[in-house]
Amino acid sequence: MNELTPFDPHSELTLALRYSGKLLLRKEIPLDHATFQQLLNQQQFIPHASIIRKFSGPKCNRCNNQKRSLFGIIPCQICRKQHLYCRKCIEMGRVLECESLYSWQGSKPDWLSHANPCSWIGELTKRQKLASERIVEAVTNLEKELLIWAVCGAGKTEMLYAGITSALKKGKRVCLATPRADVVRELLPRFRQAFSSVHIQGLYGGSKDNDGTAQLILATTHQLLRFQAAFDLMIIDEVDAFPFHADPSLPYATSRAKNETSTTIYLTATPRKMHRKRIARNNLAHIFVPVRFHGHPLPVPTMKMSLNLRKSIQRFLPPNHFFTWLKNRRTPSRQLLLFVPTINLAERMGEKLIEKLLISEDITSELDLVTVHASDVNREEKVMQFRNKEILILITTTILERGVTFPSVDVAVIDAGHEVFDEAALVQISGRAGRSIDDPDGEVVFFHDGKTDAMVKAIRSIKSMNRRGGFK
Ligand SMILES: [Zn+2]
Ligand SMILES: [Zn+2]
């Protein structure tokens, strides 16, 4: 084989493509010992300590974990000593303190400058267009950050295409990071269709095509722990979402994965306090997309106070008001998405409701009502069945609060005052209704036994977006 073909695993080109912009363990570098040693001697690979012991305690250099409780101790077969290892990032493969992390200092890959990478031919709405142009501007002017505050159902993916196109034209490398593997799986085929001439990879736990050598990468935030100084354009989807919001190692990984001169685009429908404060102080560039792609306002939730809510829940049933509402829905043909606060309640309520609704003839078969939650192995399949309208009522925990689109649903939240339903969760949940152009409306009801701040703020925020969008 010719030494210079990109297919030779030892060619300069292939090495640059595979290892530039990464931070890897030896076991993640599939090179034979002699080659690896040679590259190390030539200082093309540079070793870095993986776990360091500081006066204040240990620190993992892969995920930045500094919590003592998240380090374990294990005997090392090679050194015959007890070693620290990081439990925080263990799902990316165990890091022992005697192992190094390697970065590539050899030549850099030459990313293609694509003349015309985007073949998407759809049309943007006026609001989408404004946001899209603003993203292009940020990429062109190498702005550091830009936040897109777009309501649920605004059609944010299409707004990104022009910005990604302008980056690819300049031979830049692009990453879209999302907290959820579901989103990577959903977006990958859409991106491959829109950018058919570009090498695109989707990285998530268990993904097949995962050497991370593509110019355009869609990845879960966890996967970014393997990257360093790799991307010129970083798009962070649902920047407010768990676990990105709750796990400090993920913002750390995302920020390390960027180049020094990179542009970061944040996407969110429900920005957290930190971003809102920066917006209020005028130190975070942002643009609003307050209107859904179909041009109709967001459904505004109503609150239903039920004094018997606790008692009903103890019997694993929704409150009486729920049944009255169910009988009198404005559009009974819509499917129903029923949110409950806990997995246990979801499962128990599922059984009880089937019995009750069969008797009241609201459903005709026990297959009409299905329960789904995070630890459900059939989760994907059930969501698909609901989307295909094979199920009438889907009981769910907050796992379906975002990232999923069903064309025509009403939404009920049982025990909306529960602490899992914070403001962002309630806005996202309400955003499941009225998603399609054929049924742009939908009822959203919060059943509670005492208003919470989160409920009031969620409704206020939805109304204010509607006002901003030019509705009443
Ligand atoms: Zn770690
Ligand atoms: Zn060791």
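An unreviewed UniProt entry lists the protein chain under the name DNA/RNA helicase, from Virgibacillus phasianinus.

Student: For the coordination of the zinc ion (ligand 2), give the residues involved together with the corresponding values.
Tutor: Taken together, the protein ligands of the zinc ion (ligand 2) are C76 (SG), C79 (SG), H83 (NE2) and C98 (SG), with distances of 2.2 to 2.3 Å. Considering all 4 donor atoms around the zinc ion (ligand 2), the spread of angles at the metal, 100 to 118°, places the coordination shape in the tetrahedral class. Counting residues between consecutive donors of the zinc ion (ligand 2) along the chain gives the motif C-x2-C-x3-H-x14-C.

Student: Explain the coordination of the zinc ion (ligand 1) to me, and be specific about the residues and the numbers.
Tutor: The protein atoms that coordinate the zinc ion (ligand 1) are C60 (SG), C63 (SG), C86 (SG) and C89 (SG), at distances of 2.3 Å. In this structure, the zinc ion (ligand 1) is coordinated by 4 donor atoms arranged in tetrahedral fashion, with angles at the metal of 105 to 114°.

Student: Tell me about the sheet that holds strand 7 (residues 100–104), and please be specific about residues and values.
Tutor: With respect to topology, 3 strands assemble into an open sheet ordered 1-7-2, the strand pairing being antiparallel. Edge positions in the open sheet fall to strand 1 (23–25) and strand 2 (45–49), since each of these has one partner strand only. Strand-to-strand twist of the sheet, defined as the mean angle between neighbouring strand axes without regard to direction, takes the value 40°. On top of the sheet, helix 2 (residues 33–41) reaches strand 2 and strand 7; it is set at about 85° to strand 2, its chief contact.

Student: Give a description of the domain arrangement of the protein chain that names residues and reports values.
Tutor: Looking at the protein chain, the domain boundaries give domain 1 (14–104), domain 2 (126–289) and domain 3 (302–469). Domain 2 and domain 3 are separated by 30 Å when their C-alpha centres are compared. With 17 residues of domain 2 at the contact, the number on the domain 3 side is 16 residues. Carbon and sulfur atoms make up 46% of the surface buried where domain 2 meets domain 3, a total of about 1,300 Å² over both sides.

Student: Talk me through the pattern of salt bridges; I want residue IDs and the actual numbers.
Tutor: Counted according to the given criterion, the structure contains 29 salt bridges. A salt bridge links E423 to R276; the nearest nitrogen and oxygen atoms lie 3.2 Å apart. Taken together, the residues span a long stretch of sequence, with E423 in helix 12 (residues 423–430) and R276 in helix 7 (residues 273–280) at a distance of 147 residues. Assessed through its relative accessible area of 17%, E423 is described here as buried. Counted as one network, the salt bridges with shared partners bring together R180, D182, R185, R379 and E380.

Student: Describe helix 11 (residues 379–387), and please don't skip the residues or the numbers.
Tutor: Taken as a whole, helix 11 has its buried residues at K382, V383 and F386. Angular distribution of buried residues about the axis of helix 11 spans 100°; they occupy a single face of the element.

Student: Explain the nonpolar core to me, using residue names and the numbers behind them.
Tutor: Formed by 101 residues in total, the largest nonpolar core has its most connected members in I164, F191, F195 and L224. With near-sequence residues (within four places) excluded, F191 lies in contact with T157, Y161, I164, L176, I200, L216 and L218. Of all hydrophobic cores here, the second largest spans 25 residues; its members include L336, L338, I354 and I395.

Student: Give a detailed account of the packing of aromatic side chains, specifying residues and quantitative values.
Tutor: Following the criterion strictly, the structure yields 17 aromatic pairs and no others. An angle of 45° between the planes, with centres 6.3 Å apart, marks the rings of Y19 and W104 as tilted. You can see Y19 sitting in helix 1 (residues 12–19) and its partner W104 sitting in strand 7, a full 85 residues away along the chain. The same class applies to Y19 as to W104, namely buried. Each ring, one from F386 and one from F406, has its centre 4.8 Å from the other, and the planes form 85°; the classification is edge-to-face.

What counts and what doesn't
Residues numbered from 1 in each chain as written. Chains lettered and ligands numbered in written order. Predicted model: local features only at pLDDT ≥ 70, side-chain atom pairs only at ≥ 80, totals over all residues. Heavy atoms only, no water. Donors = N, O, S within 2.8 Å, 3.2 Å for Na, K, Ca; no water. Tetrahedral: all angles 85-135°; square planar, octahedral: opposite > 155°, others 65-115°. Pairing = 2+ DSSP bridges. Helix = DSSP H or I, 4+ residues; strand = E, 2+ residues; numbered from the N terminus. Axes fitted to C-alpha atoms, helices over the stretch in contact; angles between N-to-C directions. Contact = heavy atoms within 4.5 Å. Domains from an automatic or database assignment. Buried area = accessible area lost by both parts, 1.4 Å probe. Salt bridge = Lys/Arg side-chain N within 4 Å of Asp/Glu carboxyl O. Buried < 20%, exposed > 50% of the residue type's maximum accessible area, 1.4 Å probe, protein only. Arc of directions from axis to C-beta. Core = buried A, V, L, I, M, F, W, Y, C linked by side-chain atoms within 4.5 Å. Phe/Tyr/Trp six-rings, centres within 6.5 Å; stacked < 30°, edge-to-face > 60°.

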